[in-house]
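Architecture and fold: a report
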Amino acid sequence: MQEKLVKIREEALAKLNAADTAEALNEIRLAYLGKKGQLTEVLKGMRDVAPEDRPKVGEWVNSTRKAIEDKLAAVQKEIGEKALEVRLKAETVDVTLPAKLPRIGHRHPNTIALEELERVFIGMGYEVVEGPEVEYDYYNFEALNIPANHPAKDEQDTFYVNDKILLRTQTSPVQVRVMEKKKPPIRIVAPGRVFRADDVDATHSPSFHQVEGLVIDKNITFSDLKGTLAQFARELFGQDTKVKFRPHHFPFTEPSAEMDVSCFKCGGKGCRMCKGSGWIEILGCGMVHPKVLKMSGIDPEEYSGFAFGIGLERITLLKYEIDDMRLLYENDERFLKQF
Ligand code: DAH
């Protein structure tokens with residue numbers, strides 16, 4: 001018995017001396033001290049030992065176990081220290097290196113253009129207001145003199161929540177909401193998101209932005225409209241900018257017009273930017289239709305006013321000479337960080 005134990009001890013210690021990984025250590029531990037290990041087997045044999053010899057044999061077994069356990073702990077410590085040393089060498093941190101700068105985002109080009117536009121109108125005494133993106137058919141169409149079955153509804157097909165509620169196709173409904181609540185004088189701009197059932201291409205998107213403008217007071221005339229919008233164009237595109245009004249039709253204004261600005265790239269000579277014409281269309285406008293005033297509770301005999309609608313993306317694209325609207329929505333940082 002004693003011989004056997006001495007052999008087990010020598011064998012185990014020799015193996016431990018040679019072991020150099022945690023896995024190898026574990027295997028040795030199982031082979032000698034584990035449930036099916038060699039020492040455990042010896043203990044099982046105790047029942048064949050004469051009762052008077054058992055204390056002595058027990059002592060041998062225990063001292064063998066202790067010797068193996070002590071050696072195991074020592075080798076484990078050694079392996080751990082070696083591994084730590086290797087890791088410390090590999091993971092050296094050079095504290096003298098400069099820190100990485102945090103990446104800070106910045107405003108979207110649409111937001112930059114909008115803030116510039118708002119600044120111009122606030123400077124002229126306008127208030128910035130907002131209306132809901134999910135809107136009643138009444139405000140989006142009916143109250144703007146676009147009754148059911150009006151052909152204008154075709155061009156502004158949208159996403160319907162039900163027969164009465166839709167995603168607004170224009171910011172013009174904000175005009176009605178303001179007129180219903182506020183007594184003239186009214187001077188507001190209303191920026192916001194609008195929706196149309198359009199397919200995506202370089203100049204269209206099912207969701208884009210407009211900025212609505214509305215002025216209502218006594219004795220407001222087309223001259224006020226022209227003067228205001230010409231001033232706006234000069235502030236946004238440069239003091240030499242000229243404006244031109246072309247007759248147009250909108251159901252909620254009469255008379256109506258579209259306004260072009262002289263091309264700020266070529267000064268009106270004609271270039272790629274203005275497609276050779278020297279002019280760039282930037283907004284729709286007109287004198288608020290008496291019917292619209294009446295429906296919103298404003299007496300057209302006492303008050304008159306003008307309105308305009310600007311496509312925000314159009315301004316952004318022109319301002320930064322971007323030729324594809326899709327770039328504004330893709331959130332590609334490499335594109336956005338240029339502005
Ligand atoms: N809401 C019009 C559109 O989406 C734009 C517009 C034109 C707004 C004339 C106006 C306006 O306020 O007077 O096409």
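Structure: see above.
So, here's what we can say about the structure. All of these numbers come straight from a predicted model, not from anything done at the bench. Residue numbers restart at each chain and count upward from 1, following the sequence in its written direction. Given that the model is predicted, a residue must reach a pLDDT of at least 70 before its local features are reported, and side-chain atom pairs must reach 80 or more before they are shown or counted; all residues, however, enter totals for whole chains, interfaces and linings. Based on all heavy atoms of the structure, the side-chain values leave hydrogens and waters out of the count.

Thoughts on the pattern of salt bridges
Any carboxyl oxygen of Asp or Glu within 4 Å of a side-chain nitrogen of Lys or Arg constitutes a salt bridge here. Scanning the model with the defined rule gives 17 salt bridges in all. Between E69 and R65 there is a salt bridge; the shortest N-O distance is 3.5 Å. Of this pair, E69 and R65 both sit in helix 4 (residues 54-90), four residues apart, which is roughly one turn of that helix. Residue classification places R65 among the partly exposed residues on the basis of a relative accessible area of 26%. The salt bridge partner of D260 is R246, with a shortest N-O separation of 2.7 Å. Of the two residues, D260 is situated in strand 7 (residues 253-262) and R246 in strand 6 (residues 243-250); the sequence distance between them amounts to 14 residues. Residue burial is assigned from relative accessible area. The probe radius is 1.4 Å, only protein chains are included, and a residue is buried under 20% of its type maximum, exposed over 50%, and partly exposed in between. Classification of R246 by relative accessible area gives partly exposed; the value is 28%. What you see here is one network of salt bridges that share partners, running through R246, E258, D260 and E281. Working definition: helices are DSSP H or I runs of at least four residues, strands are E runs of at least two. Numbering for both runs from the N terminus.

Focus on the site of the ligand
What makes a residue near a molecule or strand is one non-hydrogen atom of that residue sitting within 4 Å of it. The immediate surroundings of the ligand are formed by 16 residues, with Q170, S172, R196, Q210 and E212 found nearest. Each polar contact in these results corresponds to two N or O atoms within 3.5 Å; when the atoms are within protein, one needs to be able to donate a hydrogen and the other to accept it, and residues that are neighboring in sequence are counted only if both atoms are side-chain atoms. One of the side-chain N or O atoms of E212 is found 2.5 Å from an oxygen atom in the ligand. All accessibility values rest on the Shrake-Rupley procedure with a 1.4 Å probe; residue burial counts only the protein chains present in the view. Burial of the ligand by the protein amounts to 91% of the accessible area it has alone, namely 350 Å². Counting residues per element, the ones that place at least two in the shell around the ligand are strand 5 (207-217), strand 8 (279-288) and strand 9 (304-311). Here the shell around the ligand is composed, by residue class, of five nonpolar, nine polar and two charged. Here the term charged refers only to Asp, Glu, Lys and Arg, the term nonpolar to Ala, Val, Leu, Ile, Met, Phe, Trp, Tyr, Cys and Pro, and the term polar to all other amino acids, Gly among them.

Some details on the nonpolar core
Note on terminology: a nonpolar core comprises buried Ala, Val, Leu, Ile, Met, Phe, Trp, Tyr and Cys residues joined through side-chain atoms within 4.5 Å. Core analysis: the largest hydrophobic core is formed by 34 residues, its most contacted members being F232, I282, L283, F308 and I310. No other element matches the six residues that helix 9 (residues 222-237) contributes to this core. The contact partners of I282, leaving out residues within four places of it in the chain, are F232, F237, M259, D260, V261, I310, G311, R314, I315 and L318. Counting residues in each nonpolar core, the second largest holds 24 residues, with V129, V174, M179 and Y303 among its members. Any two residues whose heavy atoms approach within 4.5 Å are treated as being in contact.

With respect to the environment of T241
As for its placement among the helices and strands, T241 is situated in the loop between helix 9 and strand 6. Linking T241 and G267, residues 26 residues apart in sequence, is a C-alpha distance of 7.8 Å. Discounting residues that sit within four places of it in the chain, T241 has contacts with A233, R234, V261 and S262. A polar side-chain atom of T241 sits 2.6 Å from the main-chain carbonyl oxygen of G238.

What to know about the side chain of Q170
Structurally, the position occupied by Q170 is in the loop between strand 3 (165-167) and helix 8 (173-181). When sequence neighbours within four positions are dropped, the list of residues in contact with Q170 reads N140, L144, I146, Q156, V194, R196, Q210 and F252.

Regarding helix 11 (residues 312-320)
An α-helix turns once every 3.6 residues. As a result, residues three or four positions apart point the same way. Looking at helix 11, one finds that the buried residues are L312, E313, I315, T316, L317 and L318. Where helix 11 is buried, its residues meet helix 5 (109-123), strand 5, helix 9, strand 8 and strand 9. E321 lies just past helix 11 and shows a positive phi near 50 degrees.

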